[in-house]
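In case you want the letters, here they are:
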Amino acid sequence: MADPRRCAHPKVTVTRELPAVVMQRLEQLFDTSSNRGDRPLSRDALAAAMADSDVLVPAVTDTIDAALIAGAGERLRLIANFGAGVNHIDLRAARARGIIVTNTPGVLTEDTADLVMALIVSVPRRLAEGEKLVRSGQWTGWSPGGMLGYRIGGKELGIVGMGRIGQAVARRARAFGLSIHYHNRHRLPATVESELGATWHAELDDLLGAVDVLTIHTPLNADSRDLIDRRRLALLRPHVFVINASRGGILDEDALVDALEAGRLAGAGLDVWRHEPEIDPRLLALPNVVMTPHMGSATYEGRVASGERVIANIRSWADGHRPPDQVLEGWA
């Protein structure tokens, strides 16, 4: 049965400046208000938008907590998130108010996996250090002992979270000669394990002691917050490299820095941070950490594809149907 509060031409507020082609389409289809300055909205501005919109299109930089949802106007019925992760939205509070939440899964899988594979290669091979050395003008030429790193072929890769992105990383890693180990809440079908050459570890602690490179690909929720904490980092052997392009809150950043400074880990590749855009200055000082500015999904194609999924979700909802990418209970 169609929701009588839905409308054919909803008022839509977009909190960040999306690709031009996406914004043009949104403005053609809906009564759209957009944040063209592309600066995160203040909390007051976000509250005002939620009080006067049928649909809110936020991004990861917008914290939509229970208090904001409680203060939203009765007309707000859909939060069509631009992006796959929804840990910045209080899903329980939204459900309690009858507000549907959607995301854009799948469209950023390959882009994120590419970035992760780049980090898996660049950290052990010291690519960032080498690039800085060349730019500094201090490179004196090739030498047998210059810029020695570690090969990744023949090493053991541990993947925490074997969903779309984890599996895409595994496919790439196999081509580089890495052996695949994974921990997932549910074991993959035998056919998928065979395709990926993947070994399942029912216990995360067991995985941590068996790998040379660890990469994190689980959503951030109540179960995964600080999943890789100080105790679990201590289970990794000193030669291990840690990669995180998922969410900063999954990895205990302070414990990671302590381990790196003490030589209990070999290095890290980070695309996400606990307090973005602020970065711990101790991390900035470490030469064996490769850092990228949350750009795992940053391709033209990916951003446009995300926008198209947002539009499809809004249109489906406005037509009285369940949006195809409605976020269900498992995310909370």
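Just so you know, these numbers come straight off a predicted model, no measurement behind them. (Residues numbered from 1 in each chain as written. Predicted model: local features only at pLDDT ≥ 70, side-chain atom pairs only at ≥ 80, totals over all residues. Heavy atoms only, no water.)

## So, the packing of helix α1 (residues 20–29) against helix α13 (residues 300–318)
When two helices pack together, their arrangement is given by the angle between the helix axes and by the axis-to-axis distance.
Reasoning step 1: Two numbers describe how α1 lies on α13: the axes approach to 9 Å, and their chain directions differ by 15 degrees. Put simply, α1 runs roughly parallel to α13. The way α1 lies across α13 gives a crossing that is right-handed. Here Val21, Val22, Arg25, Leu26 and Leu29 of α1 come into contact with α13, specifically with Val304, Gly307, Ile311, Ile314 and Arg315.
Reasoning step 2: Of the residues that constitute the contact of α1 with α13, the class distribution is 7 nonpolar, 1 polar and 2 charged. (Axes fitted to C-alpha atoms, helices over the stretch in contact; angles between N-to-C directions. Helix = DSSP H or I, 4+ residues; strand = E, 2+ residues; numbered from the N terminus. Parallel < 35°, antiparallel > 145°, perpendicular 65-115°, else oblique. Left-handed = near helix turned anticlockwise from the far one by under 90°. Contact = heavy atoms within 4.5 Å. Nonpolar A, V, L, I, M, F, W, Y, C, P; charged D, E, K, R; others polar.)

## Here's the deal with the pattern of salt bridges
Pairing between side chains becomes possible if they bear opposite charge and their charged atoms approach one another.
Reasoning step 1: One pass over the full model with this rule turns up 22 salt bridges.
Reasoning step 2: Here Arg231 ties to Asp205 by a salt bridge, and the two come within 2.9 Å at their closest N and O atoms. Of this pair, Arg231 sits in helix α10 (residues 230–233) while Asp205 sits in helix α9 (residues 204–208), and the two are 26 residues apart along the sequence.
Reasoning step 3: Taken together, the shared-partner salt bridges in this structure form one network comprising Arg230, Asp254, Asp258, Asp280 and Arg282. (Salt bridge = Lys/Arg side-chain N within 4 Å of Asp/Glu carboxyl O.)

## Some points on the environment of Ile216
Reasoning step 1: Note that Ile216 resides in strand β9 (residues 213–216).
Reasoning step 2: For Ile216, a relative accessible area of 0% translates into the label buried.
Reasoning step 3: Residues Ile216 and Ser246 lie 30 residues apart in sequence; the distance between their C-alpha atoms is 6.2 Å.
Reasoning step 4: Those residues within four positions of Ile216 in sequence are excluded, and the remaining contacts are Val160, Ile228, Ile243, Asn244, Ala245, Ser246, Ile250 and Leu251. (Buried < 20%, exposed > 50% of the residue type's maximum accessible area, 1.4 Å probe, protein only.)

## Observations concerning a nonpolar patch on the surface
Reasoning step 1: A cluster of nonpolar side chains, contributed by Val134, Trp139 and Trp142, occupies part of the molecular surface with about 440 Å² of accessible area.
Reasoning step 2: With respect to the helices and strands, the residue Trp142 is situated in the loop between α6 (127–136) and β6 (156–160).
Reasoning step 3: On the basis of relative accessible area, Trp142 is assigned to the exposed category, the value being 73%. (Patch = residues over 30% accessible without salt bridge, like charges linked within 9 Å, V, L, I, M, F, W, Y side chains within 5 Å. Areas by Shrake-Rupley, 256 points an atom, 1.4 Å probe, with all protein chains shown as cover.)

## A short note on the packing of aromatic side chains
Reasoning step 1: Taken as a whole, this structure holds 1 aromatic pair when the rule is applied.
Reasoning step 2: The interplanar angle of 55 degrees and the centroid separation of 6.4 Å between the aromatic rings of Tyr150 and Phe241 together place this pair among those described as tilted. With Tyr150 in the loop between α6 and β6 and Phe241 in strand β10 (residues 241–244), the pair connects residues that are 91 residues apart, well separated along the chain.
Reasoning step 3: Judged by its relative accessible area of 53%, Tyr150 is exposed. (Phe/Tyr/Trp six-rings, centres within 6.5 Å; stacked < 30°, edge-to-face > 60°.)

## Some details on helix α2 (residues 43–51)
Reasoning step 1: Where α2 is concerned, the buried positions are Leu46, Ala49 and Met50. Down the axis of α2, the sector holding all buried residues measures 95 degrees, keeping them to one side.
Reasoning step 2: Elements in contact with the buried residues of α2: β1 (11–14), β3 (55–57) and α3 (66–70). (Arc of directions from axis to C-beta.)

## Re the sheet that holds β9
Reasoning step 1: If you walk across this open sheet you meet the 7 strands as β8-β7-β6-β9-β10-β11-β12, and the pairing is parallel. The open sheet has two free edges, formed respectively by β8 (198–200) and β12 (289–291), since each of these has just one partner strand. In this sheet, neighbouring strand axes are inclined to one another by 20 degrees on average, regardless of whether the strands run parallel or antiparallel.
Reasoning step 2: Pairing of strand β11 (residues 267–270) with β12 involves 3 bridges; the strand directions are parallel. Residue pairing in the sheet places Leu270 in a bridge with Met291 of β12.
Reasoning step 3: Contacts between helix α7 (residues 164–175) and the sheet are confined to β6, β7 (179–183) and β9, with β6 contributing the most and set at about 170 degrees to the helix.
Reasoning step 4: Contacts from helix α11 (residues 253–261) reach β10, β11 and β12 within the one sheet, and its direction differs from that of β11 by about 145 degrees. (Pairing = 2+ DSSP bridges.)

## Some thoughts on the environment of Pro58
Reasoning step 1: Within the secondary structure, Pro58 is located in the loop between β3 and α3.
Reasoning step 2: Classification of Pro58 by relative accessible area gives buried; the value is 1%.
Reasoning step 3: Sequence separation of Pro58 and Pro277 is 219 residues, and the distance between their C-alpha atoms is 17 Å.
Reasoning step 4: Those residues within four positions of Pro58 in sequence are excluded, and the remaining contacts are Thr15, Ile64, Ile79, Ala80, Asn81, Phe82 and Ile89.

## Thoughts on the packing of helix α5 (residues 109–122) against α7
Reasoning step 1: Where α5 contacts α7, the axes come no closer than 9 Å and their chain directions differ by 50 degrees. Taken as axis vectors, α5 and α7 run oblique relative to one another. Like other packed secondary-structure pairs, α5 and α7 cross with a definite hand, here right-handed. Taken together, the residues of α7 that come into contact with α5 (itself represented by Thr109, Glu110, Thr112, Ala113, Asp114, Val116, Met117 and Ile120) are Arg164, Ile165, Ala168, Val169, Arg172 and Ala173.
Reasoning step 2: Residues that form the contact of α5 with α7 fall into these classes: 8 nonpolar, 2 polar and 4 charged.

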